[in-house]
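Topology and contacts: notes
These are the residues of each chain, in order.
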Amino acid sequence: MARNKDARPPSFAVSVVGLSGTEKEKGNCGVGKSCLCNRYIRPNADGYYSEHTSVLSTIDFGGRVVNNDHFLYWGEVSHRGDDGLDCKIQVIEQTEFIDDQTFLPHRSTNLQPYTKRAAATKLQSAEKLMYICTDQLGLEQDFDQKQMPDGKLNIDGFVLCIDVSKGCNRKFDDQMKFVNSLYSHIVKSKKPIVVAATKCDECVDQHLRDLHAFVAGKKNLLLIETSARSNVNAEVCFNALIQQLDKTRGKPKTVSYLEAYKVQRQLVASVTDRFEKLIVHTVRDYHVTWKAVINNLKGQADYDDFITLEGSRKALATFTKHIAQLKQEHIRRRREEYLTTLPKTLNNLLNNLDEVEHLSWPEARSVIRNRPDFQYWFVVLEQTPWDETDHIAMSDRRIPFDLLDTPDGERIYHNHVQHLLSEKRRVEMKERFKKTLDRVHFISAGQPWEEVMCFVMEDEAYKYITESDRRDVYCRHQQEIVERAKEDFQEMLFEHAELFYDLDLNATPSCDKMSEIHCVLNEEPRYRALQKLAPDRESLLLKHIGFVYHPTKETCLSGQNCVDLKVEQVLANRLVQLDHGRSNLYYNSANVDKINLCLLGREGLSQELANEIRAQSTDDEYTLDGKIYELELLAVDVNSTLLFSHTWVATFKPHGCFCVFNSIESLNCIGDCIGRIRAEMAQSRRERFAQPLPFVLILANQRDSVCKNIPILRHQGQQLANKLQCTFVDVPPGAFPRKFTEFQIKQGLRAALDGLKHSFDVLAPLPSIKDMSETDLRIVMCAMCWDPFSVDLILSPFLDSHCCSAGQPGQSNTLILDKIIGDSRRRIQVTVLSYHTAIGVRKDELVHGYILVYSAKRKASMATLRAFLAEVQDVIPVQMVAITDSQADFFENDAIKELMTEGEHIATEIAAKFTALYSLSQYHRQTEVFTPFFNEVLEKKPNIESSFLFDSSSREGPAGAGEDVFPTSPHSHSPAYHNAYYPESDDDNEAPPPYSPIGDDVQLLPTPSERAKYRIDLEGNEYPVHSTPLGEHERNHKVPPPVRPKPLLPKPNVKKLDPNLLKTIEAGMRSNRRAPRGPQHGGGEDPEASDNYADPVDTLLRSRALHNDDIYAVPDDAHSRLVRIRNSFGGLHGPHGGGDEENGFDRKSQAGRRPSKYKHRSKILFSKTKAYQRRFQSDSEGEESGPATQKKKKGRAHRGSEEDPLLSPADPWKGGIDNPAITSDPEQEDKKMKKKKTPKTPKEPKKPKSSKPPKPLYPPTRRTWESNYFGVPLQNLVTADRPIPLFIDKCVDYIERTGLTTEGLYRVSGNKTDQDNIQKQFDQDHCIDFVAMDVAVNAAAGALKAFFADLPDPLIPYSLHPELVEAAKIVDYIERLRVLKEIVKKFPSVNYQVFKYIITHLNRVSQHSKSTLMTADNLSICFWPTLMRPDFENKDTLSTTKLNQAVVESFIVQSDYFFHGAEVAEGGGGEGAPPPAPPQHCHSMVEALLPLQLPPPLQPQQIQHPLHHEPLI
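All residue numbers refer to positions counted from 1 along the written sequence of the respective chain. Since the coordinates come from a predicted model, pLDDT governs what is reported: local features require at least 70, and pairs of side-chain atoms require 80 or more to be given and counted, while whole-chain, interface and lining totals use all residues. By convention in this description, side-chain values take in all heavy atoms of the structure and omit both hydrogens and water.

This part takes up the overall build of the protein chain. In terms of helices and strands, the protein chain carries 54 helices and 34 strands. The criterion used for residue contact is that any of the two residues' heavy atoms lie within 4.5 Å. Pairs at least 24 apart in sequence give 76% of the contacts found in the protein chain among residues at least 6 apart. Total accessible area on the protein chain is roughly 69800 Å²; 51% of this is exposed by carbon and sulfur atoms. Comment: elements are numbered from the N terminus, with helices defined as DSSP H or I runs of at least four residues and strands as E runs of at least two. Residue burial considers only the protein chains on display, and all accessible areas are found by Shrake-Rupley using a 1.4 Å probe.

When DSSP finds two or more bridges between a pair of strands, those strands are recorded as paired. Ordered in space as S14-S15-S13-S16-S17-S18, the six strands form an open sheet in which the pairing is mixed. Since the sheet does not close on itself, it has two edges, and those belong to strand S14 (621–624) and strand S18 (727–729), each with one partner. Taken pair by pair, the neighbouring strands of this sheet meet at an average axis angle of 35°, ignoring direction. By the bridge criterion, four bridges tie strand S13 (residues 594–601) to strand S16 (residues 656–661) in an arrangement that is parallel. Counterpart to Cys 598 in the pairing with S16 is Cys 657. Axis definition: a line fitted to C-alpha atoms, over the contacting stretch in the case of helices. Angles run 0 to 180 degrees between N-to-C directions. Contacts from helix H24 (residues 605–616) reach S13, S14, strand S15 (627–637), S16 and strand S17 (695–699) within the one sheet, and its direction differs from that of S15 by about 160°.

Of note, the amide linkage connecting Thr 384 to Pro 385 takes the cis form, showing an omega dihedral of -5°. Tracing the backbone shows Pro 385 in the loop between strand S11 (378–379) and strand S12 (399–400). In this structure, Asp 150 takes a positive phi of about 60° despite not being glycine. You can see Asp 150 is positioned in the loop between strand S6 (122–124) and strand S7 (152–154). Residue classification places Asp 150 among the exposed positions, given a relative accessible area of 74%. Burial classification: accessible surface area is computed with a 1.4 Å probe over protein chains only, and a residue below 20% of its type maximum counts as buried, one above 50% as exposed, and the rest as partly exposed.

Let us look at the pattern of salt bridges. Just to be clear on terms, a salt bridge is a Lys or Arg side-chain nitrogen sitting within 4 Å of an Asp or Glu carboxyl oxygen. Within this structure, the stated rule accounts for 58 salt bridges. One salt bridge connects Asp 163 with Arg 170, and the closest N-O pair in it is separated by 3.2 Å. Looking at Asp 163, the relative accessible area reads 0%, which means it is buried. Asp 408 is the salt-bridge partner of Arg 411, the closest N and O atoms lying 3.5 Å from each other. Of the two residues, Arg 411 and Asp 408 both sit in helix H15 (residues 407–439), three residues apart, roughly one turn of that helix. Since its relative accessible area comes to 41%, Arg 411 is described here as partly exposed. Via salt bridges that share partners, Glu 329, Arg 332, Arg 333 and Glu 336 belong to a single interconnected network.

Another point: the packing of aromatic side chains. Each aromatic ring pair is characterised by the separation of its centres together with the angle its planes make. For Phe, Tyr and Trp, where Trp contributes only its six-membered ring, two rings pair if their centres lie within 6.5 Å, and the inter-plane angle classes them as stacked under 30 degrees, edge-to-face over 60, or tilted in between. Counted under the stated rule, the structure contains 47 aromatic pairs. Ring geometry for Tyr 338 and Trp 386: centres 5.3 Å apart, planes at 75°, overall edge-to-face. Taken together, the positions of Tyr 338 in helix H11 (residues 311–349) and Trp 386 in the loop between S11 and S12 put the pair 48 residues apart, joining distant regions of the chain. Each member of the pair Tyr 338 and Trp 386 is classed as buried. Through pairs of rings, three or more aromatic residues link up here, namely Tyr 1269, Phe 1270, Phe 1287, Tyr 1294, Phe 1322, Phe 1330, Phe 1347 and Phe 1348. Lysine and arginine charges are scored as sitting over a ring when NZ or CZ, respectively, is within 6 Å of the ring centre and within 35 degrees of the ring normal. Taking NZ or CZ as reference, Lys 128 lies 4.5 Å from the ring centre of Phe 71, over its face. Directly above the aromatic system of Phe 401 lies the positively charged group of Arg 369, at a separation of 5.3 Å from the ring centroid.

Moving on, we come to the packing of helix H10 (residues 301–309) against H11. Running from amino to carboxyl end, H10 crosses H11 at an angle of 120°, the nearest separation of the two axes being 6 Å. When the axis of H10 is compared with that of H11, the two are oblique. For the pair H10 and H11, the sense of crossing is right-handed. Within the contact between the two elements, H10 uses Phe 306, Ile 307 and Leu 309 and H11 uses Gly 311, Ser 312, Lys 314, Ala 315 and Thr 318. Side-chain classes follow a simple rule in which Ala, Val, Leu, Ile, Met, Phe, Trp, Tyr, Cys and Pro form the nonpolar group, Asp, Glu, Lys and Arg form the charged group, and the remainder, Gly included, forms the polar group. Here the residues of the contact of H10 with H11 are counted per class, giving four nonpolar, three polar and one charged. For classification purposes, an angle smaller than 35 degrees is called roughly parallel, one larger than 145 roughly antiparallel, one from 65 to 115 roughly perpendicular, and anything else oblique. Should the near helix be turned anticlockwise from the far one by less than a right angle, the crossing is left-handed, and should it be turned clockwise, the crossing is right-handed.

Moving on to the environment of Ile 944. Examined against the element boundaries, Ile 944 turns out to sit in helix H34 (residues 931–956). Each C-alpha atom, one on Ile 944 and one on Gly 849, is 8.9 Å from the other, the two residues being 95 residues apart in sequence. Sequence-distant contacts of Ile 944, that is, excluding residues within four places in its chain, are made with Leu 846, Val 847, His 848, Val 875, Ile 876, Pro 877 and Val 937.

Another aspect to go through is the nonpolar core. Note on terminology: a nonpolar core comprises buried Ala, Val, Leu, Ile, Met, Phe, Trp, Tyr and Cys residues joined through side-chain atoms within 4.5 Å. Counting 82 residues, the largest nonpolar core has Ile 794, Leu 815, Tyr 850 and Leu 869 as the members making the most contacts within it. Those residues in contact with Leu 815 that sit more than four places away from it in its chain are Leu 571, Leu 575, Leu 795, Phe 798, Leu 799, Cys 804, Ser 805, Gly 807, Ile 828, Gln 829 and Val 830. By size, the runner-up hydrophobic cluster in this structure holds 74 residues, among which are Val 31, Leu 123, Phe 158 and Val 194.

So, about the pairing of strand S19 (residues 777–783). Where burial is concerned, most of S19 is hidden: six out of the seven residues are buried. The sheet contact formed by S19 and strand S22 (residues 824–834) spans seven bridges and is parallel. Counted as the bridge partner of Leu 777 is Ile 828 from S22. Looking at chain direction, S19 and strand S23 (residues 849–855) are connected through four bridges and run parallel. Bridge pairing links Ile 779 to Gly 849 in S23.

One way to put it is that helix H49 (residues 1416–1428) packs onto helix H51 (residues 1441–1453) with a least axis distance of 8 Å and a crossing angle of 115°. Looking at the two axes, H49 sits roughly perpendicular to H51. For the pair H49 and H51, the crossing hand works out as right-handed. Along the contact surface, H49 presents Ala 1416, Asp 1417, Leu 1419, Ser 1420, Ile 1421, Trp 1424, Leu 1427 and Met 1428, while H51 presents Thr 1441, Asn 1444, Gln 1445, Val 1448, Glu 1449, Ile 1452 and Val 1453. Looking at the contact of H49 with H51 residue by residue, the class counts come to nine nonpolar, four polar and two charged.

Within the open sheet, the six strands sit side by side as S3-S4-S1-S8-S9-S10. Their pairing is mixed. Bordering the open sheet on either side are strand S3 (71–80) and strand S10 (222–225), each of which pairs with just one other strand. For this sheet the average axis-to-axis angle between neighbouring strands, irrespective of direction, equals 25°. In terms of strand pairing, S3 meets strand S4 (residues 86–94) through nine bridges, oriented antiparallel. Residue pairing across strands places Val 77 opposite Ile 89, the latter belonging to S4. The strands touched by helix H5 (residues 172–187) are strand S1 (11–18), strand S8 (157–163) and strand S9 (193–198); relative to S8, the strand with the most contacts, the crossing angle is about 170°.

Here we take up helix H42 (residues 1312–1324). To estimate the expected span of a helix, subtract one from its residue number and multiply by 1.5 Å. Taking 1.5 Å per residue, 13 residues should reach 18 Å; H42 reaches 19 Å between its end C-alpha atoms and fits that length. Counting buried residues along H42, 10 of its 13 residues qualify, which places the element largely inside the surrounding structure. Listing the buried residues of H42 in full gives Thr 1313, Asp 1314, Gln 1315, Asp 1316, Asn 1317, Ile 1318, Gln 1319, Lys 1320, Gln 1321 and Phe 1322. Side-chain atoms alone can form a polar contact between residues adjacent in sequence; in general such a contact is a pair of N or O atoms within 3.5 Å, and within protein one must be able to donate a hydrogen while the other accepts it. The opening residue of H42 is Asn 1311, an N-cap whose side-chain oxygen sits 2.8 Å from the backbone nitrogen of Thr 1313.

Tracing the chain through its elements places Leu 208 in helix H6 (residues 205–216). The buried category is assigned to Leu 208, whose relative accessible area is 13%. Sequence separation between Leu 208 and Ile 162 is 46 residues, and the spatial gap between their C-alpha atoms is 9.5 Å. Once residues within four sequence positions are removed from consideration, Leu 208 is found in contact with Val 164, Ala 197, Cys 203 and Glu 225.

No statement about biological role is implied by the geometric values presented.
Right, here's the structure in full:
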């Protein structure tokens, strides 16, 4: 040991020895001396080399590292012991280098054998460098160069290495012999020795035991089990030697290899785990490099510890593995993303189940590849598979197409197909469930799902879909119900317009008014339908009231459908087009020298006319009235395809069209052709502003016949000419050899030239009559928002005219008409507004006339018109316009007929004009429609303006007298004529022709009571016939009056209809032949003497003064007696003359009186306004009003039609032509009146509520004639031989023979007049034959239902109603039927037989439901109120409505079981027997159902005594 004398730490030199030599001696591998030295000197993993060779070249052996010595200098290492003492240890490895050429030991300066040389304690080698690894040899300059200190070392101790592994071509015994020899030399040096068992990681247990035995046999010899490769006990081995060298140091603890290895592995595992976590935390992107990671990790303990223990290569391997994992994770995520997107992609590309259901996966891939949007969803890669290409690093999210080749792609495709199938099934089930909910009629708006769920739980669709789907479907169903209920509620509010529109603008409704509104609306089913949504209902009501108080187009409840907005849009577009089109006329002068004539005829007739004209011409030149015209003729057959061409008019440019006919057939063809031509030209006029085409009808002479058809053809031709507003050229008197005469041709040419002249007058630039701001007349047209027609329809009479232009700037709803009214051209300003906007105009601005438009399909439209009209000053003329689709609607739709009749009745009462527009008609959009109205307005203009000034001054000054004075009678002549619509009028100054808007030969009745103007058609149905217009209209007509129409052929069995009806028909036919009416004297010649309508007394032209109550009088058909009706309004009125009367007013008296409002001139308007007040007052007064109260209301007790809705309806128009009271016998009426005069018995004390008998649904007062058959007890009508009343038998027999294919049987109401006539005829003759009468099936069905409704007691006795309701609640279907059967047996025998008969009949009807659409469910809905007649004012009745209907349905479905001894019919438990509702839900179940089936009950306070008619003379 070399001791230094200074304070430096001591230094020890250790020599590592062991088996060395040639391969023969040591085998092909060493014993691990170099590895042990390497691990001790450089313990870091990066500094450890596992391969150290002893076979060197001569050059390497002679290098400075080996330095021709057989030992290596490994360098020195500082060591700090457990006691804190430092020392330096220098390590020498004794080995023997072999020449790589001779494989013999190199020759060196020391030639001793290894055993002696290794035991040397003094070593010397000048400039010997420290050995690092084999690669250092020859490249010393590339490695760290350290020299052995002083070139010499003194060995202080030895480490003897013994390999305990299996060894390589070496026997352990041979090694031990060598070790024994070596040990014997070393021990002589007296130096400490430590035996190191090397390669213990591969040790052989026997070798290790032998080594232990060897060591145990030696004195002071220590054995350390080591493994340089595993870095186990290498340091311990040298520390043990140092302890022996320096006894002052503590003895190191030696452990076996296994224990040390375990500790080492735990350390390595801990360090590795920390390093891996560090890598995971640091490296997130698989694109990062190792070099970048090292720079980030240097200096971190986890990284340094791992590098020390495991080395950089393992660190790189860990990093590489982590990067690979990141990449695979990225690929996995991409794959999952693609696979997640694939179903959505397939749903977009292959969403048609029918297309893909039977496709294989390869076929489906081919279909996908051919889709046009394939590139949007997929990308095709040049290299595959996609996860091994750069595509994984791209941001492209399209799916690689090769992914579809994988099993996952195919699996997803099949799942997609299955999803489509299941989704289809799910959607079907949801729709089925929706239909199930639609069939559950008792679901009300706002009803929660939990209350409905129990009623549909057995439904198949309910079981199939999920709860979320159920709630979703129910939510959608509820939304529909709520939206429908809200729309119905809003429509109901509009229908009660009189309740709201009497409010003042910009005011606030009082509490009393709100109470009145709620009281009135509470009777409406549509009000109660929102019972569970009371806040929403209240919000809608307040919103409506707010709109009524502050009406603007911005706050209009119809939104963008507001009439004001629509009109602005249409006028902005159309008027610009009209102004722009005026310069495009191809006619520019009235100086016509050439005339293009189109000749229209049938079967060569047009060509014959062309030949005749050419024969009368010279070189196509024709002389007429001293002027020569060049004629160009175009003969066209009516069946030619040229007529269907859209360009022939523009190409030929005809100036006129001669239409020639010689038969009824050719005349009909001519009419159709003119219609088509005018339709085409109307479109052309809209597009190019072309001129109208004059038409001339020419009757050809029939030279080959006896001319017996000439009068008929003349009459029909004249009628068609009147309808089409064209000229008719008749055959001149006398005999002519040719079909056409020169007189006819000249007349036709003159008519064509007159038409051209008129067209030029219209189309020429309009002269500036006056300043644009000045207008002669100001007309306001009003329409209802949200009406089911386009504003183009009501604007078309103006916009399709050539005299229409835009209003002043800023007046977007105004247009200007320049028309010849009277004797000069007038400028008319027409402002088209909604009713809510027109209210302000009505109050504040001067208006000369109102055109009030309403839809005949919408009650709210009529109600709004009534409310508006009621407040209009009665001096302002009014034109009422009804809008519907076609003329047939009046006869086919009772609701439309009712509204049109009501409108016409109001117009008659206030002497207004009335007409109709048809959206499907092509011949109604001309300004001439309103020419009579404009004439009237112009005539009354001074009175209107003076009235406006008077009213303005009265508003500014003190309040004048009240306006409740009833005006003079509004009716002085026959009802207001219906202005019709004609497409191509040739003269603005001409009034409409005398034909009806309803059809060629029929006219909508001006008053419902004029049954005299009805005829019977070939099927026995009534239709109105045309009557020549009288009064002021006659003065405006230039066309000749029509010839008396051809009488209709008599029809057999007409005599079986009502005799009174026949009388009125004959009287009406006589009225058609009357001369124009002038001042009349005497009641016998009164044209309306046969009408059963209360005419104003002033129309009777009496010469004496009348009583102040005698305003309306009813003429008597049979005796020409007048019956007085009390004036319900009061006031004094004097008689008026006839000569100067206009619309029932004396002009002198009219100019001097203060204007009133139209509601005081119309019973309908007045009664509608007052009806709400009466209803509110009666509700507030209650049922217990005493005699004092009744006496107080005596003045109102005789208002007739106002307060007696049953006997004299408040809505007289509702009867229309169906009101049986109109045709009733006057004698029977007198009897009724006398009978009703009987004093009323004193009011009985009020009985307890429980004893109050139920009220019948249909009061017996529905009939207006006395009957000994109808309305009598059932037992009075049957005998033992005939248990079924004869009337029931006849109705059922007729219905089953003729009506089992009639759609809507028993649901569609028949004509009420026919129903009443059937009963009245049966009253007179029980042997009537329905087939011979040719009555409508629906009328017979209605008469049958009316029979049951008129019975004193319902067919199903009231006493059994509670039992039937309880039976309906039984859950078990069979048990329910059994109980119902027992209840039926309790019927009175008469009721039982009739009930059995009618139920069996209804069962047969239900069996034909495919054609009638009347299932047992529908029939029960129609019949149960008739058969049971419950009291709907009773809340208990409301709660059992659905159950009552279900009972009747069960009877119908199972009629064979109940009455004919059959078994229960299969499937009868379905719709015939719905599950009964639990008691707690019964009320809510039927609350929404009832209003949809039945009208609101009549209030008892509204039923008054009939009027006492007394004769006037």
